[in-house]
Amino acid sequence: DKAFWRADELAFVTRELLSANPEYQPELRRALRPLEGRLRPDLERFFSDPKATDAQRLAAANALADYASQETAKLAELLTVATTEQYAVLYPLVNSGKTDAIVKELGRVAERLPPGDMGSLERISFGQRRANAAATLLRFGEREAVLPVFLMEDDPEALTQFIFRCRPRGVGVEALLDCLDIVSAAPPGRYAKEARYALLLALAEYQLSEVPENRRAAVLKQVRDWYATDPSSGVHGASNWLLRQWGESAYVKQIDETPMAPSADREWFTLAVKVKPDAPSSSPDSLLESKSASPITFYYTFVVFPAGEYTIGSPDDEQPQRDKDEVRHRVRLTRPFAILNREVTFAELIAFNRKRYEDYIGKVSERPESSGAAVHWYDAVQFSRWLGTQHGLSESEQAYADPDSPSSGPRETDAARNLAPRNWPLDPSRRGFRLPSEAEWEIASRGGVRTSYGFGSDVGLLDRYGWFTVNSGGRMHSPLALRPGHRGLFDMHGNTLEWVHDWYGDYGGSRAADPLGATGGSRRVYRGGGWSGDAAVCRTAGRFRSDPADRGGDLGFRLALSFVGVPAESGQDKH
């Protein structure tokens, strides 16, 4: 009599059913049908339990498809937590029995933002549910109901999960194109500003050949136009990625090498800097394109962040686990700044100091186009000054002081430190190239979000955005080889650890306005994780320090500069 089954016995039967050979499971389900109602709670628990094996979770989906095939509302709820394999089992049943009520409920799931007090770990599954609901709505033929999934406030988890969950769950490329058309035609503010960014990256999961021929030319023209002129740095970065995935690298290069003057109404600009390279090498194996001292032009795309108040540091329960020196606090920037959308490359470092970086490149990388490494802090500062000089800046415009000036203070006493000023003065009100401050670097990496990474907190997606121990192959990679974050910045998590200006010190105790770290010390800060680091090291809030003369094989940098033209109030971060 089924009434006499105890809860622990039912749990045991369920576990045995789900662990049985898949070939025999249909027969076992038929034998257990008299107990189907009482088995349901344990089947649903296994269905959504991340600790269960993939085989058990798939078996649970098959059992529920058998025992609850008419309960489409319940199956639709399960779709929001389904793996790709589970989704393939349940979606046909939900689709055949969908109702207006199911569509409305999925819409509510897709648009609901996580509560402010929700923990960091819970936010991941919450975002996954929103993304699954949105994918299901697209499969149903809904379009408008999907678009609230891009609402993010300070948590981009749902937006990022959507990017990578559409294709595996059977969403067709035309559904995404339809959404892109709707968002593009809408007045400003109608949809989340990150919607186009997310849709462009979602489209990049498909081949261009999968786009219907009658829509192909129009979408390519639209994305090309956005890449050339759209004011959004996120759209600019996502268009770059999509165009290169669709074989448009030549066009991307053309735009990348077209100077675009800074503008108050655009979040990015491109500088062309013609440099006279360091003296040519006598080696026949010189890695720079030209062995002569002929001028070379380098192109730099910067992303602008306005003045205002921002929150940096990590929540107490951040996963992977935070360090104690990552205290969450507010900072205020009184001036806009711009940061390079990529890391400085070996080719640029060789032009700056050929002998030193031709020697290093063979040790940590294979190509001059890769992100540069083995850079100590003094070289990063001297590169900044050198590039400014090559760009025609006067000494009064350089952000870092002339090392020979008395105002630069005491100098180091050994050549390994370039005999450079020990406490090299920085004036960030000047427009010259420089290292970002630690606060500026984190503001840029976060883009206003609270999550472990700029894209969210799901470590399982880190290999889509950053090179680290799991995917780097033990070497440096070229910039822009992985996806950009929602502000259009590449490689903020991994590839090279990046020097910033600051001496290491009390992170939350420095001045709240335009913080520049401690006034002195023995260690400079670097951020962002590297190809040899694990996932925790690549977190946005991760803080690291070293002797400024350290030339680690994964130590590099990206440039920053102060930027005039963005209203101070536009940078308010309300998170």
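Numbering of residues starts from 1 in each chain and follows the order in which that chain's sequence is written. Local features in a predicted model are, by the rule used here, given only for residues with pLDDT of at least 70; side-chain atom pairs are given and counted only at 80 or more, and totals for whole chains, interfaces and linings are based on all residues. Note that the side-chain values use all heavy atoms of the structure and ignore hydrogens as well as water.

## So, the overall build of the protein
Keep this limit in mind: Per the convention used, a helix needs a DSSP run of H or I reaching at least four residues, while a strand needs a run of E reaching at least two, with both numbered from the N terminus. For each residue, the accessible area found with a 1.4 Å probe, counting protein chains only, is set against the maximum for its type, and the residue is called buried under 20%, exposed over 50%, and partly exposed in between. In what follows, residue pairs with any heavy atoms lying within 4.5 Å of each other are defined as contacts.
Within the protein, the regular secondary structure consists of 18 helices and ten strands. Based on the C-alpha atoms only, the size of the protein along its principal axes is roughly 95 × 50 × 50 Å. Looking at the protein as a whole, 57% of its 575 residues are labelled buried. Residue pairs at least 24 apart in sequence account for 74% of intrachain contacts in the protein once pairs closer than 6 positions are excluded.

## With respect to the environment of alanine 68
Summarising the element assignment, alanine 68 is placed in the loop between helix H4 (54-67) and helix H5 (72-79). Of the residues examined, alanine 68 reaches a relative accessible area of 2% and is grouped as buried. Note: C-alpha distance between alanine 68 and glycine 37 (31 residues apart in sequence) is 9.0 Å. Non-local contacts of alanine 68, meaning those with residues more than four positions away in its chain, are made with Arg40 and Leu75.

## Examining helix H6 (residues 84-96)
Here is the rule we go by: To estimate how far a helix should extend, the number of its residues minus one is multiplied by 1.5 Å. Think of it this way: the bend at a residue is just the angle between two axes, each fitted to seven residues, one set ending at that residue and the other starting at it.
Over its 13 residues, H6 extends 19 Å from the first C-alpha to the last, a length consistent with the 18 Å expected when each residue adds 1.5 Å. Residue leucine 90 marks the point of greatest curvature in H6, where the axis turns by about 40°; the proline proline 92 follows within four residues. Residues of H6 that are buried include every one of Gln86, Tyr87, Leu90, Tyr91 and Val94, and no others. In this structure, the buried side of H6 is in contact with helix H3 (36-48), H4, H5 and helix H8 (120-140).

## What to know about the pattern of salt bridges
Spelled out, the test is: The working definition used for a salt bridge is a side-chain nitrogen of Lys or Arg within 4 Å of a carboxyl oxygen of Asp or Glu.
For the coordinates displayed, the defined rule picks out 48 salt bridges. A salt bridge links arginine 431 to glutamate 397; the shortest N-O distance between them is 2.9 Å. With arginine 431 in the loop between helix H17 (377-390) and helix H18 (438-446) and glutamate 397 in the loop between H17 and H18, this pair connects stretches of sequence that are 34 residues apart. Salt-bridge contacts for glutamate 442 lead to arginine 446; the nearest nitrogen and oxygen are separated by 2.7 Å.

## Observations concerning the packing of helix H12 (residues 213-229) against helix H14 (residues 249-256)
Rule in force here: Lines fitted to the C-alpha atoms define the axes, with helices restricted to the stretch that makes contact. Angles between their N-to-C directions range from 0 to 180 degrees. When describing relative orientation, an angle under 35 degrees is termed roughly parallel and one over 145 degrees roughly antiparallel, while 65 to 115 degrees is termed roughly perpendicular and anything else oblique. Left-handed describes a crossing whose near helix is turned anticlockwise from the far helix by less than a right angle; the clockwise case is right-handed. Residues were grouped as follows: Ala, Val, Leu, Ile, Met, Phe, Trp, Tyr, Cys and Pro as nonpolar; Asp, Glu, Lys and Arg as charged; and all remaining residues, including Gly, as polar.
Interaxial distance between H12 and H14 falls to 9 Å at its minimum, and their mutual angle equals 25°. Classified by the angle their axes make, H12 and H14 are roughly parallel. Between H12 and H14 lies a crossing whose hand is right-handed. Here H12 contributes Arg224, Asp225, Tyr227 and Ala228 to the contact with H14, which in turn contributes Tyr251, Val252, Ile255 and Asp256. Here the residues of the contact of H12 with H14 sort into five nonpolar, no polar and three charged.

## A word on the packing of helix H11 (residues 195-203) against helix H13 (residues 233-245)
When two helices pack together, their arrangement is captured by the angle between the axes and the distance separating the axes. As a packed pair, H11 and H13 sit with axes 9 Å apart at the nearest point and diverge in direction by 10°. Relative to H13, the element H11 lies roughly parallel. Between H11 and H13, the residues in contact are Arg196, Tyr197, Leu200, Leu201 and Leu203 and Gly234, Val235, Ala238, Ser239, Trp241 and Leu242, respectively. Among the residues forming the contact of H11 with H13, the class breakdown is eight nonpolar, two polar and one charged.

## Details of the environment of alanine 228
Relative to the helices and strands, alanine 228 resides in helix H12. Overall, the relative accessible area of 16% leaves alanine 228 in the buried class. Residues contacting alanine 228, with those up to four places away along its chain left out, are Tyr251, Ile255, Met260 and Trp268.

## Section: the pairing of strand E6 (residues 497-503)
Short version of the rule: Strands were regarded as paired on the criterion that DSSP finds at least two bridges between them.
Burial of E6 is extensive: seven of the seven residues sit out of reach of the surface. Pairing of E6 with strand E9 (residues 555-556) involves two bridges; the strand directions are parallel. Residue pairing across strands places leucine 497 opposite leucine 555, the latter belonging to E9. Inspection of the sheet shows E6 paired to strand E7 (residues 524-527) by two bridges, in the antiparallel sense. Note on E7: the bridge partner recorded for tryptophan 499 is tyrosine 526.

## Some thoughts on the side chain of arginine 196
On the secondary structure map, arginine 196 appears in helix H11. With residues near it in sequence (within four places) discarded, arginine 196 still touches Leu180, Val183, Ser184, Trp226, Asp230, Ser232 and Val235.

## Structural notes on the packing of aromatic side chains
The line we're drawing: Between the rings of Phe, Tyr and Trp (Trp by its six-membered ring), a pair exists once the centres lie within 6.5 Å; its type follows the angle of the planes, with under 30 degrees stacked, over 60 edge-to-face, and the other angles tilted. Counting as a charge over the ring demands two things of the Lys NZ or Arg CZ atom: a distance within 6 Å of the ring centre and an angle within 35 degrees of the ring normal.
One pass over the structure, following the stated rule, counts 20 aromatic pairs. Ring geometry for tyrosine 357 and tyrosine 360: centres 6.2 Å apart, planes at 40°, overall tilted. Taken together, the positions of tyrosine 357 and tyrosine 360, both in helix H16 (residues 354-364) and three residues apart, correspond to about one turn of that helix. Three or more aromatic residues joined by ring pairs make a cluster, and in this case those are Phe164, Tyr453, Phe455 and Tyr465. Note that arginine 545 overlies the ring of tyrosine 504, its terminal NZ or CZ placed 4.2 Å from the centroid.

## Things to note about the sheet that holds E7
Pairing in this open sheet of four strands is mixed, and the strands run E8-E7-E6-E9 from one edge to the other. Looking at the sheet topology across the chains shown, the edges are occupied by strand E8 (543-546) and E9.

## A look at the nonpolar core
Generally speaking, nonpolar side chains in soluble globular proteins are found buried as a group. What counts here: Buried residues of nine kinds, namely Ala, Val, Leu, Ile, Met, Phe, Trp, Tyr and Cys, make up a nonpolar core once their side-chain atoms join them within 4.5 Å.
Residues Leu138, Phe150, Phe162 and Leu176 are the most contacted members of the largest nonpolar core, which totals 98 residues. The leading source of residues in this core is H11, at eight residues. The contact partners of leucine 138, leaving out residues within four places of it in the chain, are Arg143, Val146, Phe162, Cys166, Val171, Ala175, Leu176 and Cys179. Within the second largest apolar cluster, 47 residues are counted, among which are Val375, Leu435, Trp499 and Leu555.

## Considering the confidence of the model for the protein
To be explicit about the condition: Think of pLDDT as the predictor's per-residue confidence, scored from 0 to 100.
This prediction gives the protein a mean pLDDT of 93; 94% of its residues lie at or above 70. Low pLDDT, under 50, characterises residues 566-570; the predicted model gives this stretch nine contacts beyond four residues in sequence or across chains.

## Let's talk about H14
Structurally, the α-helix is built with 3.6 residues per turn, so residues lying three or four positions apart point the same way. Spelled out, the test is: Arc, as used here, means the arc of the directions from the helix axis to the C-beta atoms.
Tyr251, Val252 and Ile255 are the residues of H14 that are buried. Mapping the buried residues of H14 onto a view down its axis gives an arc of 100°, with all of them on the same face. As for H14, its buried residues are in contact with H12 and H13.

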